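In case you want the letters, here they are:
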Amino acid sequence: TMAHSKALLVLENFIGGKFVTCSSYIDSYNPSTGDVYCRVPDSGKEEVEAAVKAAKDAFPIWSSKSPLERSRILNKLADLIEHDLEAFAQAESKDQGKTITFARTVDIPRAVYNFRFFASSILHHTTECTEMATMGCVHYTSRAPVGVAGLISPWNLPLYLLTWKIAPAIACGNTVVAKPSEMTSVTAWMMCKLLEKAGVPHGVVNVVFGTGAKAGEALVCHPDVPLISFTGSTLTAQRITEKSAPHCKRLSLELGGKNPAIIFDDADLTQCIPMTLRSSFANQGEICLCTSRIFVQRGIYSQFLKRFVAEAKKWKVGNPADPTVDVGALISEEHLEKVRSYVKKAQAEGARVLCGEGVDSLTLSAGNQKGYFMLPTVIAEVKDESCCMQEEIFGPVTCVVAFDTEEEVIKRANSVKYGLAATVWSSNVGRVHRVAQRLQSGLVWTNCWLVRDLNLPFGGMKASGIGREGAKDSYEFFTEVKTITIKH
Ligand code: NAD
């Protein structure tokens, strides 16, 4: 009915500085109620073509601006997003299912910081120069933006991860065509409304909404998009690699994880337990860096398990708009079923589910009965070969197992296809260094989790990705280097 369709939020693509309607749309759900509340453009080749053209047209002017001019614009954009922080946080929470507290304190502040950080770091890069006196030569390098960057991001940290790509790409002088996840497009659309006011010239940032199969693939296959920065699943990355191969595109791939926490018997449990709860269940466990295999040294295993489970049961699940809630809704009904199926598989294999799914009951308020909620779930006595210990679950489920020696736990921690993030808990400095050195993992946090300095490389080993992003790494990815030799 008219009344019904009027109530829906309808997004439009942002191409060449203008909002443009699309010929067809996809329904987007509010995960905490199960209702369709938004319609997202179902873009394809035609829309991507228009966006790439706008980005190409904007490239000569944008790429010739000085880093300082671009830096000022990025800072202005950061200020504008920060000014609307609460509106962005509300939108992110409603669209994604994450708690309002997480959106307010993590997602949106980090999106703001991504622009501020690259606004600053772009001013400080230097290039190389060497002298070859015997040949009468000096060599130096020069860096230039590559062109139109294709940026594809997932649904778990929508604006946070999209801006982690847009900020360095445009700071370096590229123009972009971005495609957020079709399940979480609202905050990207809100950001588009601020671009003109920030001084971003038309065509520098274009956003095309739609599915991966249609809009995403059109972007990956477009001959005028020489680089793709992708964050998402390993399976999609394989497809992107294949599709971009005929064009020899430059790829940055940030993929899944199966992250271990290694807890030695000399760990400070008063810090380790609350932080390991967070690393397991924050954002409903829907963070690529979340812990999902907890290895606890035998001597403290039963004590750890008892305390960990007691604390997990205190996490409040429900309406994400309630600031006292710790766990919101999962992204979709399909994803909820997938996460639940892992718990069933573990039970069928003889593992013990100590709390959460299938063990405790979940009470939801009237408005949230059809939402995609799940209790934090702790599973013990899972075999290392089990799919629950090998595959990324990406939900509020964590497995706890015992180990005896350092040598053994390093081997077991490394025995998965992924290698994104690991945490190590011990008060023995020597051991912390030894273990960190031997873990196959792009990031190792010891006695902490999720502390990031954006100057340093971020990314995964093995099936967790190819390439790194960070101040220097993003600069290298988003620029083309040239070596010039001058003979005098
Ligand atoms: P996904 O791979 O399904 O989708 C990611 C994005 O790719 C979406 O925008 C999607 O529309 C698009 N896409 C899908 N198929 C495509 C195709 N054929 N061509 C082009 N684009 C396509 O991932 P998801 O389910 O949205 O996100 C969850 C995954 O992301 C998890 O595996 C998680 O670990 C990973 N992740 C990794 C990081 C990291 O930094 N390493 C961060 C967050 C999430």
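Quick notes on the rules
- Residues numbered from 1 in each chain as written.
- Predicted model: local features only at pLDDT ≥ 70, side-chain atom pairs only at ≥ 80, totals over all residues.
- Heavy atoms only, no water.
- UniProt positions renumbered as here; feature names shortened; annotations may be inferred.
- Phe/Tyr/Trp six-rings, centres within 6.5 Å; stacked < 30°, edge-to-face > 60°.
- Helix = DSSP H or I, 4+ residues; strand = E, 2+ residues; numbered from the N terminus.
- Buried < 20%, exposed > 50% of the residue type's maximum accessible area, 1.4 Å probe, protein only.
- Pairing = 2+ DSSP bridges.
- Axes fitted to C-alpha atoms, helices over the stretch in contact; angles between N-to-C directions.
- 1 Å grid on protein atoms, 1.4 Å probe; cavity = no way out; pocket = protein on both sides within 12 Å on 5 of 7 lines; lining within 4 Å.
- Points joined across faces, edges and corners; volume = space filled by probe spheres on them.
- Nonpolar A, V, L, I, M, F, W, Y, C, P; charged D, E, K, R; others polar.
- Contact = heavy atoms within 4.5 Å.
- Near = heavy atom within 4 Å.
- Polar contact = N/O pair within 3.5 Å; in protein donor to acceptor, adjacent residues only side chain to side chain.
- Areas by Shrake-Rupley, 256 points an atom, 1.4 Å probe, with all protein chains shown as cover.
- Sits in = over half its atoms within 2 Å of the grid points.
- Salt bridge = Lys/Arg side-chain N within 4 Å of Asp/Glu carboxyl O.

- The protein chain carries the name 2-aminomuconic semialdehyde dehydrogenase in an unreviewed UniProt entry, which gives Pygoscelis papua as its organism.
- Its UniProt record gives the protein chain the following Sequence similarities (unreviewed entry) comment, quoted word for word: "Belongs to the aldehyde dehydrogenase family."
- Turning to the protein chain, the UniProt annotation filed under Pathway (unreviewed entry) states: "Amino-acid degradation; L-kynurenine degradation."

1. What about the packing of aromatic side chains?
Here comes step 1: For the structure shown, the criterion picks out 10 aromatic pairs.
Here comes step 2: Seen in terms of ring centroids, Phe-281 and Phe-308 are 6.3 Å apart; in terms of plane orientation they differ by 35°. Their pairing is tilted. Linking Phe-281 in helix 10 (residues 269–281) with Phe-308 in helix 11 (residues 298–312), this pair joins segments that are 27 residues apart in sequence. Of the two residues, Phe-281 and Phe-308, neither departs from the other in class, the shared state being buried.
Here comes step 3: With a centroid separation of 5.2 Å and 15° between ring planes, the pair formed by Phe-304 and Phe-308 is classed as stacked.

2. Observations regarding the sheet that holds strand 6 (residues 129–132)
Here comes step 1: Pairing in this open sheet of three strands is antiparallel, and the strands run 6-7-23 from one edge to the other. Here the strands that pair on one side only, and so sit at the sheet edges, are strand 6 and strand 23 (479–487). Direction aside, the axes of adjacent strands within the sheet are offset by 20° on average.
Here comes step 2: Note that strand 6 and strand 7 (residues 137–145) share four bridges and pair antiparallel. By the bridge assignment, Cys-129 is partnered in strand 7 with Tyr-140.

3. What to know about empty space enclosed by the protein
Here comes step 1: Per the stated rule, a full pass over the model turns up five cavities of 30 Å³ or more.
Here comes step 2: If you add up the space inside the largest cavity, you get close to 160 Å³.
Here comes step 3: Residues of the lining of the largest cavity, tallied by class, amount to 10 nonpolar, one polar and three charged.
Here comes step 4: Counted as a void, the second largest cavity has a volume near 90 Å³.
Here comes step 5: The wall of the second largest cavity is formed by 13 residues, among which Gly-285, Cys-290, Ser-292, Glu-392 and Phe-394 lie closest to the centre.
Here comes step 6: When the residues that make up the lining of the second largest cavity are grouped by side-chain class, the tally is six nonpolar, five polar and two charged.

4. So, the UniProt feature "domain: Aldehyde dehydrogenase" (unreviewed entry) in the protein chain
Here comes step 1: Following the UniProt record, the feature "domain: Aldehyde dehydrogenase" (unreviewed entry) maps to residues 24–484 here.
Here comes step 2: Secondary structure over residues 24–484 splits into 41% helix and 21% strand, and the C-alpha atoms at its two ends are 50 Å apart.

5. Observations concerning the UniProt feature "active site" (unreviewed entry) in the protein chain
Here comes step 1: In the numbering used here, UniProt assigns the feature "active site" (unreviewed entry) to Glu-254.
Here comes step 2: Structurally, Glu-254 is set in strand 12 (residues 250–254).
Here comes step 3: The contacts of Glu-254, once residues within four sequence positions are left out, are Phe-230, Thr-231, Gly-232, Phe-458, Gly-459, Gly-460, Ser-464, Gly-467, Arg-468 and Glu-469.

6. Remarks on the environment of Ala-380
Here comes step 1: Looking at the element boundaries, Ala-380 is found in strand 16 (residues 377–380).
Here comes step 2: Overall, the relative accessible area of 0% leaves Ala-380 in the buried class.
Here comes step 3: Setting aside chain neighbours within four positions, we find Ala-380 in contact with Tyr-301, Leu-305, Ala-351, Arg-352, Leu-354 and Val-400.

7. Regarding the site of the ligand
Here comes step 1: Neighbouring the ligand are 29 residues; Ser-153, Glu-182, Thr-236, Leu-255 and Glu-392 lie closest to it.
Here comes step 2: One nitrogen or oxygen atom from the main chain of Leu-255 is found 2.7 Å from a nitrogen atom belonging to the ligand.
Here comes step 3: Between an oxygen atom of the ligand and a side-chain N or O atom of Glu-392, the distance comes to 2.5 Å.
Here comes step 4: Contact with the protein chains removes 90% of the 850 Å² of surface that the ligand exposes when unbound.
Here comes step 5: In this structure the site holding the ligand corresponds to the largest pocket.
Here comes step 6: Of the residues assigned to the shell around the ligand, the class counts are 12 nonpolar, 11 polar and six charged.

8. Considering the pattern of salt bridges
Here comes step 1: Scanning the entire structure with this criterion turns up 26 salt bridges.
Here comes step 2: With a closest N to O distance of 3.5 Å, Lys-472 and Glu-476 form a salt bridge. Of this pair, Lys-472 and Glu-476 are both found in helix 16 (residues 471–477), four residues apart, which corresponds to roughly one turn of the helix.
Here comes step 3: Exposure remark for Lys-472: the relative accessible area of 52% places this residue in the exposed category.
Here comes step 4: Overall, Glu-476 belongs to the partly exposed group, its relative accessible area being 32%.
Here comes step 5: One network of salt bridges, with partners in common, ties together Asp-266, Glu-406, Arg-431 and Arg-434.

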